Amino acid sequence: MFKVISNEEIAPQLHRMVIEAPRIAKARKPGQFAIVRLKPGAERIPLTIADDDPEAGTITLIIQAVGYSTKEIVATQPGEFIQNIAGPLGKPTDIEVWGKVVCVGGGAGTAVLFPLAKGLAQAGNELTTIIGGRSEKYVILFDELSAFSKQTIATTEDGSLGEKGFVTGPLKRLLDDPATKPDAVYAVGPVPMMRAVSDMTRPYGVKTIVSLNPIMIDGTGMCGGCRVTVGGKVQFACVDGPEFDGHDVDYAELAARQNAYQELDEHGCRLDAALA
Amino acid sequence: MAEISVKEKMAIERTKMPEQDALERSRNFKEVNLGLPLEWAVREAQRCLACKKRPCVDGCPVNVHIPEFLAKLADGDVAGAAQILRVDNALPATTGRVCPQEYQCEGQCLRGKKGQSVAIGWLERFVADWAAQNLAPDKAPAAQTGFRVAVIGSGPGGLTAAGELARAGHKVRVFEALHDTGGVLRYGIPEFRLPKRIVDQEVQNLRELGVEIETDVIVGRTLTLSEIREEYDAVFVANGAGLPMFLHVPGENLKGVYSANEYLTRANLMGAWMDDPCGTPIARGKRVVVFGGGNVAMDSVRTAKRLGADAAIIAYRRGKDEMPARKEEVKHAEEEGIEFHLLVAPLEILGDEKGWVRAVKLQKMELGEPDASGRRRPVAVEGSEFELACDVAVVALGTTANPLLTAAEPDLKLDKWGNILADENQSTSIPGVFAGGDIVRGGATVILAMGDGKCAAQSISEFLKGKTPKAPEKAA
Ligand SMILES: Cc1cc2nc3c(=O)[nH]c(=O)nc-3n(C[C@H](O)[C@H](O)[C@H](O)COP(=O)(O)OP(=O)(O)OC[C@H]3O[C@@H](n4cnc5c(N)ncnc54)[C@H](O)[C@@H]3O)c2cc1C
Ligand SMILES: Cc1cc2nc3c(=O)[nH]c(=O)nc-3n(C[C@H](O)[C@H](O)[C@H](O)COP(=O)(O)OP(=O)(O)OC[C@H]3O[C@@H](n4cnc5c(N)ncnc54)[C@H](O)[C@@H]3O)c2cc1C
Ligand code: SF4
Ligand code: SF4
Ligand code: FES
C-alpha cells in the first residue's frame, strides 16, 4: 500500500501526485517508470516517475486522466492509498553530455520529458525546451522546465499561448540556424508527434531519442506485450527501453498496437465478415 | 482393517475421476476434476502392492514416501497419510494436480506395467485437500535462530523454501515482483486446472508460520541482490524463467498475437475472464490458434475456448505422441472440442488492413529421423503451405531466463542460456546465495522447483550453522 501525500490538478485532467514509495524513491533514475495498480481488480498501467525525494521517501507522478484507470488514480485523495506501485522500471536515460540539446514535449508527454530534461541539464547540457499543447491550459510544466532550460518555447494549436502551431515549427528554426542547431533531440509525446520530430531531424543527421509508450502489463519483460520494432528488431519497451533511437522506430506498428483495445469489438465482427 | 490379499488388490480397477461435463466446463473456468469421494480414494489406495523396490518413489523427483502414504490411506487414516506426505512435499494439493505423473511416479508404478498404474496424483490431491479442510496449519517454531533469510520470487520454488526456512526457525521475507504471489501457479496455470484458493491457502499457511511477503519488489530494480545480501544472512533466488520465446516469423507483432505469458497473465492474474468492467481487457477471439504442444499451449487453447472461441486450435510441429503436455490435459482438451492441427509449422502470421491478425500461414511437416532428444524430427513438406483463418494467435513455445535480476550481479555465474549456475546443494558462485527452480533449470516443473526450494532451505541452515546473525532482530 502506497500513501498519497498530495494531489493537485496542474492543468485540465492533469494531476501531479506525490506518493510515499521509499524503496522506489531511493532506486529511481531519470527515464524510469513505475507500474501502478490502484486497487484489487484494477489494471496495471505504466507511469513515468517524474521526480523523487529519497529523504522523504516519496516519488512524483504526473498523470493525464485519459481513460478508466488514469481517471480513477487521479481521484485518489491525499491520505488515501494506492494498492500497488512497482518500479523503477525501464532503462534509465543515458544522460550524455551532448552540448546543445533540444527537448520536445507534447501533452502529457511533457511529464515524461521533465525528468529527462532535468537530468540532461544537471549533466551540463544546454537545453532548449519546446512544449506543445492544444491551448494554453494544456501546456504544462512551463515554469518548472524554464528553471533549468536556457530557453523555453511553448506552442499551442489555437495560438492562446506562445507560438501558434505545432512543436515542429520552432524545432525547424533551431535546426536550420547553425548557431542553435542541436547535437541531440529528445522528444516525448503522442506517437504522431514523435514521428514528426524524428522525420524532421533525420535529414539533419541529429541524434533523436524518443520515449515509447506501448501498452504494458508487468513491465519486467515477462509478457512481451510491449514489443516494438526498432531498427527491424523486436524490442521489449519495458526492459530494452522505453527510450529508443527515434530514427529507427516503426511508428505505424506502435500506433496500431496502442489502439488494440479500443478496436476489439470491431475486430471480431470483421473476422465474421471475412469468413462469411 | 482386514488385510487385503494381492489377488483382491489386483482385482480392483483404477478409479475414475469425477469431472465436470466436457461441454459445460468448456464454457466456465471452474476446476475440471471434481475430486474423489473418500470411499473411492481408499479403494484406489488399496490397489497399491507395497512393492519392495518402490519404483514409484524413484519416479518422483522428491521421492515422496508413496507406498507409506497409500498404506495409511488404504486404512482410512487420511490424517496419517497427510502427515507422511507433508514431510516430502510442501504443496501436495498443487503437485497432485499438475505433476506429469505419467512420466514420474505413475510412470514407474508396477501396476502400470500390466494394466493401469495406481492413481498416485489423484490420491495425493485427495489427501492434501482433506488436510487443508481438516488439519490446522503449522505454527512458527518457538525457537528462533535470529537469522534472516530473503527469498526472491513466490513461485513454487520460493514458497517451498520459505516454508522450510520458517520451520527451521529463521525469519523469512519473500520479495515478489508482481502484485500477487504464486508465480506461474497464479499467472500461468489456469483456474480450471489449479484453483487459486489452493495458492491462497498455501500463502496463508506461510503467513501463519511468520513468513513476511512483500510484493511489488523487483529485485534488480527496486532492490539489488547486493543490497539484500547486506541485510540478510542468506538468500534463495527462485525468480523463475519469465521471458517468453517468440516464433520470429513475419507478422508476429500484429494486433491479436499474444505470447502465452501475456495471454494467460491477462486471463489469470488480471482476471480478464471475470467480466469485470474495470479489469484488464483481452481479445476474445472467435477462432484462436495456439502454437505449441506443451502444458502452456494446452492451458492457452483451453482458456481461449472458455473465453468464448468457437474454434480453439492447437498448431504443433510434431505428432500427438510427441506433445510434452500432461496426457490428462491433452485428453481433457480433446473432450472439450479443441482442434488439433498436428505436424504443421508456422511460416507467417497474416494481417488485415488495420493491423489485426486474420490468418496464420502453416506448412505441413513429416516426421524424419530421430534427433538428439530421441524424438523424430519434423521435416517440411515442400509446397504444402496453407492458411488457417483466426482472429487471435497465441505463441506458446516456452520461456527462458529473464535477465532483470542477474544482469545487475556480475559475480553471479550463469550458463550460456542465462540460467544461474547452482550445484547439487543449490549454492551459487556467491557464498550465501542459493538458487533453484526454473532460473537454474530453464523451464522445468513445479515439483522440481519445490525440490530445489527444499534442498536450498537445508543448505541454508547448514550454511548458517556457527555464524552470527547480521542484524539481531529488533524488538518489535
Ligand atoms: C513507459 C510509459 C510511461 C508513461 N508515463 C506516463 C506519465 O507519466 N503520465 C501519463 O499521464 N501517462 C503516461 N503513460 C501513458 C499511460 O500509461 C496511459 O495513459 C494509461 O495506461 C492509459 O490508461 P487508461 O485506463 O486511463 O486509459 P485507456 O482507457 O486504456 O485509454 C485511454 C486512451 O489512452 C490510450 N492509451 C492506452 N494505453 C496507453 C499507453 N500505454 N500509452 C499511451 N496511450 C495509451 C488509448 O489509446 C486511449 O486513447 C506512460 C506510458 C508508458 C508506456
Ligand atoms: C502455463 C504454464 C503451465 C504449466 N504447467 C505445468 C504443469 O502442469 N506441471 C508442472 O509441473 N509444471 C508446469 N509448468 C512449469 C512450472 O509452472 C514451472 O516449472 C514452475 O512454476 C517453476 O517454479 P519457480 O518457483 O522456479 O518459478 P515461477 O513459478 O516462475 O515463479 C517465479 C516468481 O518470481 C517472481 N520474480 C521474477 N523475477 C523477479 C525479480 N526480479 N524479483 C522478484 N521476483 C521476481 C515472478 O513474478 C514469480 O512470481 C507450467 C508453466 C506454465 C507457464
Ligand atoms: S510429487 Fe508429483 S511425482 Fe511425486 S508422488 Fe506426488 S504427484 Fe507423483
Ligand atoms: S509401484 Fe505402484 S504398486 Fe508399487 S508401491 Fe508404488 S504405487 Fe504401490
Ligand atoms: S510489459 Fe510485459 S514484457 Fe514489457
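Calculation rules
- Residues numbered from 1 in each chain as written.
- Chains lettered and ligands numbered in written order.
- Predicted model: local features only at pLDDT ≥ 70, side-chain atom pairs only at ≥ 80, totals over all residues.
- Heavy atoms only, no water.
- Helix = DSSP H or I, 4+ residues; strand = E, 2+ residues; numbered from the N terminus.
- Rg over C-alpha atoms; globule rule 2.2 N^0.38 Å.
- Areas by Shrake-Rupley, 256 points an atom, 1.4 Å probe, with all protein chains shown as cover.
- Domains from an automatic or database assignment.
- Contact = heavy atoms within 4.5 Å.
- Buried area = accessible area lost by both parts, 1.4 Å probe.
- Axes fitted to C-alpha atoms, helices over the stretch in contact; angles between N-to-C directions.
- Parallel < 35°, antiparallel > 145°, perpendicular 65-115°, else oblique.
- Left-handed = near helix turned anticlockwise from the far one by under 90°.
- Nonpolar A, V, L, I, M, F, W, Y, C, P; charged D, E, K, R; others polar.
- Salt bridge = Lys/Arg side-chain N within 4 Å of Asp/Glu carboxyl O.
- Polar contact = N/O pair within 3.5 Å; in protein donor to acceptor, adjacent residues only side chain to side chain.
- Buried < 20%, exposed > 50% of the residue type's maximum accessible area, 1.4 Å probe, protein only.
- Phe/Tyr/Trp six-rings, centres within 6.5 Å; stacked < 30°, edge-to-face > 60°.
- Lys NZ or Arg CZ within 6 Å of the ring centre and 35° of its normal.
- Pairing = 2+ DSSP bridges.
- Right-handed = clockwise from strand over helix to strand, strands pointing away.
- Near = heavy atom within 4 Å.

Engineer: Tell me about the overall build of chain B, and please be specific about residues and values.
Structural biologist: From N to C terminus, chain B includes 19 helices and 16 strands. Here chain B has a C-alpha radius of gyration of 23 Å; the compact-globule value for 476 residues is 23 Å, and the two agree. Of the roughly 19600 Å² of accessible surface on chain B, a fraction of 53% belongs to carbon and sulfur atoms.

Engineer: Which residues make up the domain arrangement of chain A, and what are the values?
Structural biologist: Residues and elements named next belong to chain A. The domain boundaries assigned to chain A delineate domain 1 (2-89) and domain 2 (100-258). Once you take the C-alpha centre of each, domain 1 and domain 2 turn out to be 21 Å apart. In this complex, domain 1 contributes 19 residues to the contact, which on the side of domain 2 involves 20 residues. Ranking the residues of domain 1 by area buried against domain 2 places Pro12, Phe33 and Arg44 at the top, with a combined share of 25%.

Engineer: Before we move on, can you summarise the packing of helix α5 (residues 66-74) of chain B against helix α10 (residues 120-134) of chain B with the specific residues and values?
Structural biologist: Two quantities define a packed helix pair, namely the angle between the axes and the distance from one axis to the other. Residues and elements named next belong to chain B. At a closest axis distance of 11 Å, the pairing of α5 and α10 adopts a crossing angle of 60 degrees. By the angle class used here, α5 and α10 are oblique. Considering the relative orientation of α5 and α10, their crossing is left-handed. From α5, Ile66, Phe69, Leu70 and Leu73 reach across to α10, where they touch Ile120, Leu123, Glu124, Phe126 and Val127. Its residues placed into classes, the contact of α5 with α10 shows eight nonpolar, no polar and one charged.

Engineer: So what about the environment of Glu335(B)? Which residues, and what values?
Structural biologist: All names here are of chain B. Following the sequence through the fold, Glu335 ends up in helix α17 (residues 327-335). As for Glu335 and Ala22, which are separated by 313 residues in sequence, their C-alpha atoms are 5.9 Å apart. Those residues in contact with Glu335 that sit more than four places away from it in its chain are Glu19, Ala22 and Arg25.

Engineer: How would you summarise the interface of chain A and chain B if you had to cite specific residues and measurements?
Structural biologist: Reports of interface size often rely on the accessible area that becomes lost once the parts have come together. In this complex, chain A contributes 49 residues to the contact, which on the side of chain B involves 51 residues. For the pair chain A and chain B, the two sides together bury roughly 4000 Å², of which 57% comes from carbon and sulfur. Along the contact surface separating chain A from chain B lie three salt bridges. A salt bridge links Glu263(A) to Lys255(B); the nearest nitrogen and oxygen atoms lie 2.8 Å apart. The interface formed by chain A and chain B holds 19 residue pairs in polar contact (both at pLDDT 80 or more) in total. Taken together, the elements giving at least two residues each to the side of chain A that touches chain B come down to α1 (22-27), β7 (84-89), β14 (227-230), β15 (233-236), α8 (251-258) and α9 (264-275) of chain A.

Engineer: Run through unusual backbone geometry, naming residues and quoting values.
Structural biologist: Here the residue pair Gly87(A) and Pro88(A) is connected by a cis peptide bond, since its omega of 0 degrees sits within 30 degrees of zero. Positionally, Pro88(A) belongs in strand β7. At Asp216(B), a position not held by glycine, the phi torsion is positive, near 60 degrees. Tracing the backbone shows Asp216(B) in the loop between β3 (212-214) and α14 (225-231). For Asp216(B), a relative accessible area of 6% gives the class buried. The residue His248(B) is not glycine, and still its phi comes out positive at about 60 degrees. Along the chain, His248(B) falls in the loop between β5 (243-244) and β6 (257-259). Take His248(B): its relative accessible area is 66%, and that puts it in the exposed class.

Engineer: Provide a residue-level description of the packing of aromatic side chains, including the pertinent values.
Structural biologist: Each pair of aromatic rings is reported with the distance of its centres and the angle of its planes. Residues and elements named next belong to chain B. Under the defined criterion, the tally for this structure stands at six aromatic pairs over all chains. For the ring pair Phe29 and Phe192, a centre distance of 6.2 Å and an interplane angle of 50 degrees mean the geometry is tilted. Note that Phe29 is positioned in the loop between α2 (22-25) and α3 (38-45) and Phe192 in the loop between α12 (184-187) and α13 (196-208), a separation of 163 residues in sequence. The side chain of Arg306 reaches across the aromatic face of Phe192, ending 3.8 Å from its centre.

Engineer: Residues and numbers for the sheet that holds strand β10 (residues 151-156) of chain A, please.
Structural biologist: Residue and element names in this part refer to chain A. Read across the open sheet, the seven strands follow the order β11-β10-β9-β8-β12-β13-β16; overall the sheet is mixed. Only two strands of the sheet have a single neighbouring strand rather than two, namely β11 (163-164) and β16 (243-245). Pairing of strand β13 (residues 207-211) with β16, which is carried by three bridges, proceeds in the antiparallel orientation. The residue of β16 that forms the bridge with Val210 is Phe244. Strands in contact with helix α3 (residues 109-122) are β8 (100-106), β9 (126-133), β12 (184-188), β13 and β16; relative to β8, the strand with the most contacts, it is inclined by about 165 degrees. Packed on one face of the sheet, helix α6 (residues 191-201) meets β8, β12 and β13 and runs near 165 degrees to β12.

Engineer: Can you explain the sheet that holds β6(B)? Please cite residues and give values.
Structural biologist: Residues and elements named next belong to chain B. If you trace the five strands from one edge of the open sheet to the other, you get β6-β14-β7-β8-β9, paired in parallel fashion. Each edge of the open sheet carries a strand with a single partner, namely β6 and β9 (339-342). When strand polarity is set aside, the average angle formed by the axes of neighbouring strands in this sheet is 20 degrees. In the sheet, strand β8 (residues 311-316) pairs with β9 via four bridges, with the strands oriented parallel.

Engineer: Account for the pattern of salt bridges, with residues named and values stated.
Structural biologist: All names here are of chain B. Per the counting criterion, the structure on display carries 47 salt bridges over all chains. The salt bridge involving Glu335 is made with Lys331; its shortest N-O contact spans 3.3 Å. Of this pair, Glu335 and Lys331 both sit in helix α17, four residues apart, which is roughly one turn of that helix. Here Glu335 falls in the partly exposed class, since its relative accessible area comes to 34%. Several salt bridges share partner residues, and in doing so they unite Glu19, Arg25, Arg193, Asp299, Arg302, Arg306, Arg326, Glu328, Glu329, Lys331, Glu335 and Glu336 into one network.

Engineer: I'd like a rundown of the pairing of strand β7 (residues 287-291) of chain B, residues and numbers included.
Structural biologist: Residues and elements named next belong to chain B. The element β7 is largely enclosed, with a buried count of four among its five residues. Relative to β8, β7 is paired through five bridges, and the arrangement is parallel. Across the sheet, the residue bridging to Val289 is Ile313, located in β8. Taken together, β7, helix α16 (residues 295-306) and β8 form a β-α-β motif whose crossover is right-handed.

Engineer: Could you give an account of the domain arrangement of chain B, naming the residues involved and the relevant values?
Structural biologist: Residue and element names in this part refer to chain B. Examined at the domain level, chain B breaks down into domain 1 (6-134), domain 2 (148-242 + 399-464) and domain 3 (246-395). Of note, the centres of domain 1 and domain 3, computed from C-alpha atoms alone, are 31 Å apart. Counting from both sides, the interface comprises 17 residues of domain 1 and, opposite them, 18 residues of domain 3. Here domain 1 and domain 3 share an interface that buries about 1400 Å² over both sides, 45% of which is from carbon and sulfur atoms. Where domain 1 packs against domain 3, one counts three salt bridges. Of the charged contacts in the structure, one is a salt bridge between Glu19 and Lys331, with a shortest N-O distance of 3.4 Å. Where domain 1 packs against domain 3, one counts 17 residue pairs in polar contact (both at pLDDT 80 or more).

Engineer: Give me the lowdown on the site of ligand 1, citing residues and values where you can.
Structural biologist: All names here are of chain A. In the vicinity of ligand 1 there are 23 residues, among which Pro46, Ile62, Gln64, Thr70 and Asn213 approach most closely. Ile62 is positioned with one of its backbone polar atoms (N or O) 2.8 Å from a nitrogen atom of ligand 1. Contacts to ligand 1 include Gln262, whose side-chain N or O atom sits 3.1 Å from an oxygen atom. For ligand 1, the accessible surface in isolation is 860 Å², of which the surrounding protein chains cover 82%. Only β4 (45-53), β5 (58-64) and α2 (68-74) provide two or more residues apiece to the shell around ligand 1. Top contributing element to the shell around ligand 1 by residue count: β4, with four residues. Of the residues belonging to the shell around ligand 1, the class tally is 14 nonpolar, nine polar and no charged.

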